[in-house]
Protein chains: 2
Amino acid sequence: MLVDRGNLVQALVHKFGGQATTSERSKALLGGKGANLAEMAAIGLPVPPGFTLATPVCAAYYANGRAFDDGLRAQVAAGIAHIEGLTGRRFGDAANPLLVSVRSGARVSMPGMMDTVLNLGLNDASVEGLAAGSGDARFAWDSYRRFIQIYADVVLGLPHSDFEDALEIAKEDRDYTLDTEMTAQDWRALVGEYKAIVAAALGRPFPEDVHEQLWGAIGAVFESWESDRARVYRRLNAIPAEWGTAVNVQAMVFGNMGDTSATGVAFTRDPATGTRQYYGEYLVNAQGEDVVAGLRTPHYLTRIAREAASAKPLSMEEAMPDAYSELARVFDRLEGHYRDMQDIEFTVERGKLWMLQTRSGKRTAKAALKIAVDMVGEGLISKEEAVLRVDARALDQLLHPTLDPQAARTVLTRALPASPGAASGSIVFDADTAALRANEGVILVRVETSPEDIHGMHAARGILTVRGGMTSHAAVVARGMGRPCVCGAGAIAIDMAARTMRIGDVTLREGDKITIDGASGEVMQGVIPTIEPELVGDFATLMQWADEVRHMRVRTNAETPADCRTARQFGAEGIGLCRTEHMFFDAARITDVRAMILAEDQAGREAALARLLPEQRSDFADIFRVMAGLPVTIRLLDPPLHEFLPQREGDFADVAAAAGVDVARLKHRAAELHEFNPMLGHRGCRLGITYPEIYSMQARAIFEAALDVAADGGEAPLPEVMIPLIATRRELDMLKAVVDDAAAAVFAERGQHIPYQVGTMIELPRAALMAGEIAESAQFFSFGTNDLTQTTLGVSRDDAARFLTQYVDKGILPADPFVTLDTQGVGQLIDLAATRGRATRRDIKLGICGEHGGDPASIDFCAKVGLDYVSASPYRVPIARLAAAQAALRAQN
Amino acid sequence: MLVDRGNLVQALVHKFGGQATTSERSKALLGGKGANLAEMAAIGLPVPPGFTLATPVCAAYYANGRAFDDGLRAQVAAGIAHIEGLTGRRFGDAANPLLVSVRSGARVSMPGMMDTVLNLGLNDASVEGLAAGSGDARFAWDSYRRFIQIYADVVLGLPHSDFEDALEIAKEDRDYTLDTEMTAQDWRALVGEYKAIVAAALGRPFPEDVHEQLWGAIGAVFESWESDRARVYRRLNAIPAEWGTAVNVQAMVFGNMGDTSATGVAFTRDPATGTRQYYGEYLVNAQGEDVVAGLRTPHYLTRIAREAASAKPLSMEEAMPDAYSELARVFDRLEGHYRDMQDIEFTVERGKLWMLQTRSGKRTAKAALKIAVDMVGEGLISKEEAVLRVDARALDQLLHPTLDPQAARTVLTRALPASPGAASGSIVFDADTAALRANEGVILVRVETSPEDIHGMHAARGILTVRGGMTSHAAVVARGMGRPCVCGAGAIAIDMAARTMRIGDVTLREGDKITIDGASGEVMQGVIPTIEPELVGDFATLMQWADEVRHMRVRTNAETPADCRTARQFGAEGIGLCRTEHMFFDAARITDVRAMILAEDQAGREAALARLLPEQRSDFADIFRVMAGLPVTIRLLDPPLHEFLPQREGDFADVAAAAGVDVARLKHRAAELHEFNPMLGHRGCRLGITYPEIYSMQARAIFEAALDVAADGGEAPLPEVMIPLIATRRELDMLKAVVDDAAAAVFAERGQHIPYQVGTMIELPRAALMAGEIAESAQFFSFGTNDLTQTTLGVSRDDAARFLTQYVDKGILPADPFVTLDTQGVGQLIDLAATRGRATRRDIKLGICGEHGGDPASIDFCAKVGLDYVSASPYRVPIARLAAAQAALRAQN
């Protein structure tokens, strides 16, 4: 054991700074921060010296009844001596005092969860030395009172408010408004009061002994590992309590010791564009807080940046050329070492540069692409590393039109960013008007959308709804179509009679222009200019590298020739889900669909279906032409039939007239078909069982279309006929027979044959459980993870908005399970179904066609389970390609 | 191998009758019928002699290219010789011909699935012998033409209709209407025509060679094993194709050879009452068909029965005393041998009794009880066997009032028998009127019921609905309450405005009397007298024996003191599910519930909840008093809140006034709460997460009530607080904390403590999958199999009627999964959850509270999985006790 009564105590404390820097780099042992500081020190960067109490000390602290043993004390003393040696200052010295920071540092970052004590080492004697050394008594006494305040809170457990109250009274007594008005003398007086508060509360004075201060702070950091908030955070992030935290004790450095001191933050490349130039800001005679708090305006780091902005204050490059050129050397050293763009904090103390932090810098999607591709060119990283460097989710930013960031805008309201992209157009309040006025460019605004609105959603440039969440009908359909969408804009009140909408005190009429930004959720007045995406250059390069390494195929969910073309441009290798119901909503067909539903018997249904057959055949033929030679998975009719009947009282008369039945009959049939829980109702393959003639017509349309395309000289596709909502093998047997019969009939009529497959969606828990049996009939499985999530979790996608946000906020679910697959729960069923399916049919084709097929985290899971392909909406195909490549690369390591 | 080229051919054919009867009894080898015939022959009963071709011959037939080898032919010849020896007739003999039947007989009964040939051995020569021997030429020629007709169909594969057409023409030519008008000469002429039809179709004559006839028939029986209908039946019943069928060849006997011949059917005891007296009917000079077809009225078997019915025709006891007394000896021999009441077919041929069949007789529930208990008294069977003998499902007949079978009745319509029992009362058309007029005894008639009707359903004696299936709201709630219910009576048209209902041309007004029979689904005009169940005597005795052997506890699903008392009388050992929402619908409380829902903030909700607290407390106290000392599982609020708001347009104004809000606010809130799929919506623990104050109030009411009951000197119950619809462990953690906090607060206030548990329903697939983790917090699991079935199969109970019947009819599902647990699918999840739950918490209490807890087949599964208890509605508690005992006994074997 590392901590066994001092036998191996040398392993407990790890120094950094100078030659004494530990060779240990384990984050498990040193924590993230400790390992990082040791790393920077080891590669010769100027890091304020210090030492790290390794994470096992934390466990030992608790195991020993919250006490420290002599071995540890001796090691910490040696650590302090190490800092004193390198800084030339002495801990607790009155003339030239060493001040230290004491910080937590767990194996993984737990931002804000644990405690930190700064300026430790100040007491009534050393404060004078700090004042003298800094030449700034006010700074010294302010630092001292801050130290007491933090220490009293963190270490002594006294209420924050007592000290804040004392400060407020001190300011009132002096008629001050701001803290900055407090003089050195004022702070000194307050320090006296603070110490009196501590003495009164504790019955003993504030510790003047700096070693007592240090051990108090170390103990407090360990205690904070078991604080309520840290425990909650650990539970939510699955961090074991046994890990413990390390403690970092490090010499303080000050950027506010006059005009040769400074502090700043910087990036080694431009994080917005990715351009290879230093980027950052700094402030002379300032502390890190000053830069962050925005009390003073920081200045540019480089001359070029200052000139480009026509700014007057000198850049650091100009004002502190020596420190700057050392900083530049450090930047290059860091990029060379970490092989990534770095985000840095630094301080210059009396001309001397100190590095306080480095980490991989956050960046825009555009910058991420450029940096990754550039670094391959620079020989810094491999193509595979470049592929791993770009956050696939962030690509979404690049694949849609975006608002011109320079353009002025009036934001009317902000709601849910349901489908990315920006769009402007005239307001319309119903789908028919949208279709009618499509040429002028419209935004469809509705309380909520239903399947009847599909043609209007297709016609519109963007969709805005008053109700519904990220996974409402509007959101799901819009993402599928690649239309920008903002949902749940509760601030909007629509007056359908007046054809107006009101947001606050702004009233807009049908035809007025608005702009929506589906990436931010903003709704804006008027037309805001947008920028079109560019999918060449770095994007194309990275995508090519991704395609070289990925194993899973990427298909698309598409049902119109236009969507199919978009998807192929984005690199789709087939269709994973071609829904057929949207075709039924087409104005030209809905009458026949309704006639089919209203028919009294099978003969009546077949007559109506015969009229639909040529329409479906031409739908499929159009799609097959675009997808020549590629697999096309077509899902037979899925939604409950009542979705095709009018929902609104006012529509019954028109529809009845069009269908040639009386209103009473139509209403009766609608009432008959009404369902309490349509999601769990008479839909999917259950329709095929009740009305096999529907599936028979659809299958015939598929095979006729495939032969038509082949006959026209095109390459035939590989139709994969998919039966939805299977729960038992027998359903599939019966419906596979319907499809096979249709195929046999068409092939016999035409004297021609094409290969095809029949398979099923796995979208019910029972289907997953029975996958071994179902695979005896199914040639492929496609995981319908939308419905599988709904049934496994018992959550309706349409109704979830009411509580799902809260569920994610409270950590009940790690993410919206309709966006990122619930791998713990739903994932078990997928894994089990894949395993059982393959056990029955070794070469069964496995794919996913739920919305998760476009979500990188979910795609990673799909790769782990060994799916053959994922299928995503057209605009998410590149994301899926990249995510599939990353999953393949991660699996290699 | 048994059938390897004749090496072991002696094993292929097994004789029965006389000393030569095989010692083999394996149904796997002989088939069910063959084994049964051998058994009867072996115990010395008069069975027409015959032989059985064992089942492996069937496989060999197919393996040998549908051919028979010489070894088999030799064995069959020996079999025929065996029959000839015992009957004194010769196969194919013109003077004294042996006729045989050739029947299939698989290991398990496959009624009607395979083919049979009777009267085989007739040809142009032997028909004359039969005519002479029977003294009835008409009978002989009729038998011959029937034989040709069957043989042509079954063996030769010729169309049935050709022969029927010929018969019709023959009758028309002679101006006959009925077959009985055909004379011997007419039949003879028809035989000629039949043979001409065969010859024309086959190009060769009908086989006159009786051996060719025999081998043809044997082959046809084997062929019928692979017929479409047999294959479908096997697939549906999971019968392996490899089993094959046996073939039984047996001497024909005739009950229509004059007045010393007869045929009959009998039971060894009265199958209606169980009384130990012979029971049956017979006909002199008749064939079995005549008894079954009802062309002639059969006579009583015994003198006692004839006299009791004041009938004139002599009983068999009187008319054929010798045959009768042999029959009586056979009855006693059979009961002694099979140790059960037998259902028998017999024939007397010229004074000689022949047994054609014996099997355990079907009986009423009452008879089953009496016979089982009597037979223990007679020393025939053990108590354990008696327990296994009574079909638990059939007990349902005994536990409810039933219609007096003697009473006259006018049946208006017949619909679904949704909840057993008979009830009479005045028609009322809404729940409020039902409550108001409850004292006069009412039947609530509605199109369909909703949770708002609960108080009316409670107030009514019976419920009748126009729409909805066996698992509709009305049916489920009625079964839970033990109210008779008839559902889906589509023939009824309700006119709410006129307060009348019409069935056919009968119009009934509110207040008119009707009677419903929930066991038959009949709706009758007026009041029909009913008979109350008696739960003493044999019933009590058998229940006591059952309780001695069962391992699983039996609880009840109940939420009123009355239901609790009923359940305890029926032997419930606790409450497995006490729903709390029904209490919220009470007229006195619904206003406060609505105020809570309409509150703008938490404070408003808490104010309303504070008014509900004393009401809930007294609800629980009343229940706890009845259930003193027993565990009571209380489920916290489960349904979505919109269920408590008015559903009907007309109700909004009244409700708004009562709640003190304006109609617009009420409608807005109702619209806000509306859900597309309420089953998958904001309900169960999701309410507790959003509004913890509701669960907190309920928990407080539970603990206060428990302490109140203890303080009143009563025994405190063991409250088990159950959180519904858990999908994640964290939900349970958060809500367990709410319950524990309430308990701690109440215990502190009262200075008193009682033990309690907190657990969860497992009713979502995800909960089952995560059971290992959830068990870390849950002290018990209760499987909510209603919802678990809905989500696992993706089927809404309320909407399933539309396709579920069809699913069962088509063999897609073996049974309604809401009645009998889908053990293949849902069962996997239960098994997995039980295993994982126990792995985490060895002593976790496991129970089931879905409706399946009262279904014997499901209870058997629960026992296999090792649940600690099942919970059933009060009236099903005895069924569950018996089923649990049977499951325990079966597990021993």
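Just so we're clear, the structure is a prediction, and the values are computed from it rather than from any experiment.

Between the two copies, chain A and chain B, the superposition gives an RMSD of 0.3 Å; the rotation angle is 180 degrees and the shift along the axis is 0.2 Å. Such a combination of rotation and displacement between the chain copies is what one expects of a two-fold axis. Comparing interface residues between copies, 100% of those in chain A also sit at the interface in chain B, which points to an isologous, same-surface contact.

Let us now look at the packing of aromatic side chains. Inspection of every chain in the model, using the stated rule, returns 40 aromatic pairs over all chains. Summarising the aromatic geometry, the rings of Tyr151(B) and Phe206(B) are spaced 5.5 Å apart at their centres and angled 70 degrees between planes, so their arrangement reads as edge-to-face. With Tyr151(B) in helix H5 (residues 137-154) and Phe206(B) in the loop between helix H7 (184-202) and helix H8 (210-225), this pair connects stretches of sequence that are 55 residues apart. For Phe206(B), a relative accessible area of 3% puts it in the buried group. A centroid spacing of 5.0 Å and a plane angle of 65 degrees characterise the contact between Tyr278(B) and Phe331(B), whose relative ring orientation is edge-to-face. With Tyr278(B) in the loop between strand S8 (262-267) and strand S9 (279-284) and Phe331(B) in helix H13 (residues 321-338), the pair connects residues that are 53 residues apart, well separated along the chain. The exposure class assigned to Tyr278(B) is partly exposed, which follows from its relative accessible area of 24%. Note on Phe331(B): relative accessible area 1%, which makes it buried. Site record: aromatic cluster; members linked through ring pairs are Tyr61(A), Tyr62(A), Phe68(A), Trp215(A) and Phe222(A). We note Arg107(A) situated over the ring of Trp243(A); from NZ or CZ to the ring centre the distance is 3.8 Å. Across the ring face of Tyr869(B), the terminal group of Arg555(B) is positioned such that the distance to the ring centre comes to 3.8 Å.

Residue and element names in this part refer to chain B. With respect to topology, three strands assemble into an open sheet ordered S20-S21-S22, the strand pairing being antiparallel. Both outer strands of the open sheet, strand S20 (492-495) and strand S22 (506-509), are each paired with one neighbouring strand and no more. On average, each strand axis in the sheet is inclined to that of its neighbour by 20 degrees, with strand direction left out of account. One ladder, built from four bridges, connects strand S21 (residues 500-503) with S22; its direction is antiparallel. Bridging across to S22, Met 501 finds its partner in Leu 508.

Another aspect to go through is the sheet that holds strand S24 (residues 522-525) of chain A. Across a sheet, paired strands are connected by hydrogen bonds in the backbone, their directions being either parallel or antiparallel. Residue and element names in this part refer to chain A. If you walk across this open sheet you meet the eight strands as S14-S24-S23-S16-S17-S18-S19-S15, and the pairing is mixed. Each edge of the open sheet carries a strand with a single partner, namely strand S14 (411-414) and strand S15 (416-419). Taking each pair of neighbouring strands and ignoring which way they run, the sheet shows an average axis angle of 30 degrees. The pairing of strand S16 (residues 422-428) with strand S23 (residues 513-517) spans five bridges and is antiparallel. Within S23, the position partnered with Ala 423 by the bridge is Ile 516.

Conventions adopted
- Residues numbered from 1 in each chain as written.
- Chains lettered and ligands numbered in written order.
- Predicted model: local features only at pLDDT ≥ 70, side-chain atom pairs only at ≥ 80, totals over all residues.
- Heavy atoms only, no water.
- Least-squares fit on C-alpha atoms with pLDDT ≥ 70 in both.
- Contact = heavy atoms within 4.5 Å.
- Phe/Tyr/Trp six-rings, centres within 6.5 Å; stacked < 30°, edge-to-face > 60°.
- Helix = DSSP H or I, 4+ residues; strand = E, 2+ residues; numbered from the N terminus.
- Buried < 20%, exposed > 50% of the residue type's maximum accessible area, 1.4 Å probe, protein only.
- Lys NZ or Arg CZ within 6 Å of the ring centre and 35° of its normal.
- Pairing = 2+ DSSP bridges.
- Axes fitted to C-alpha atoms, helices over the stretch in contact; angles between N-to-C directions.

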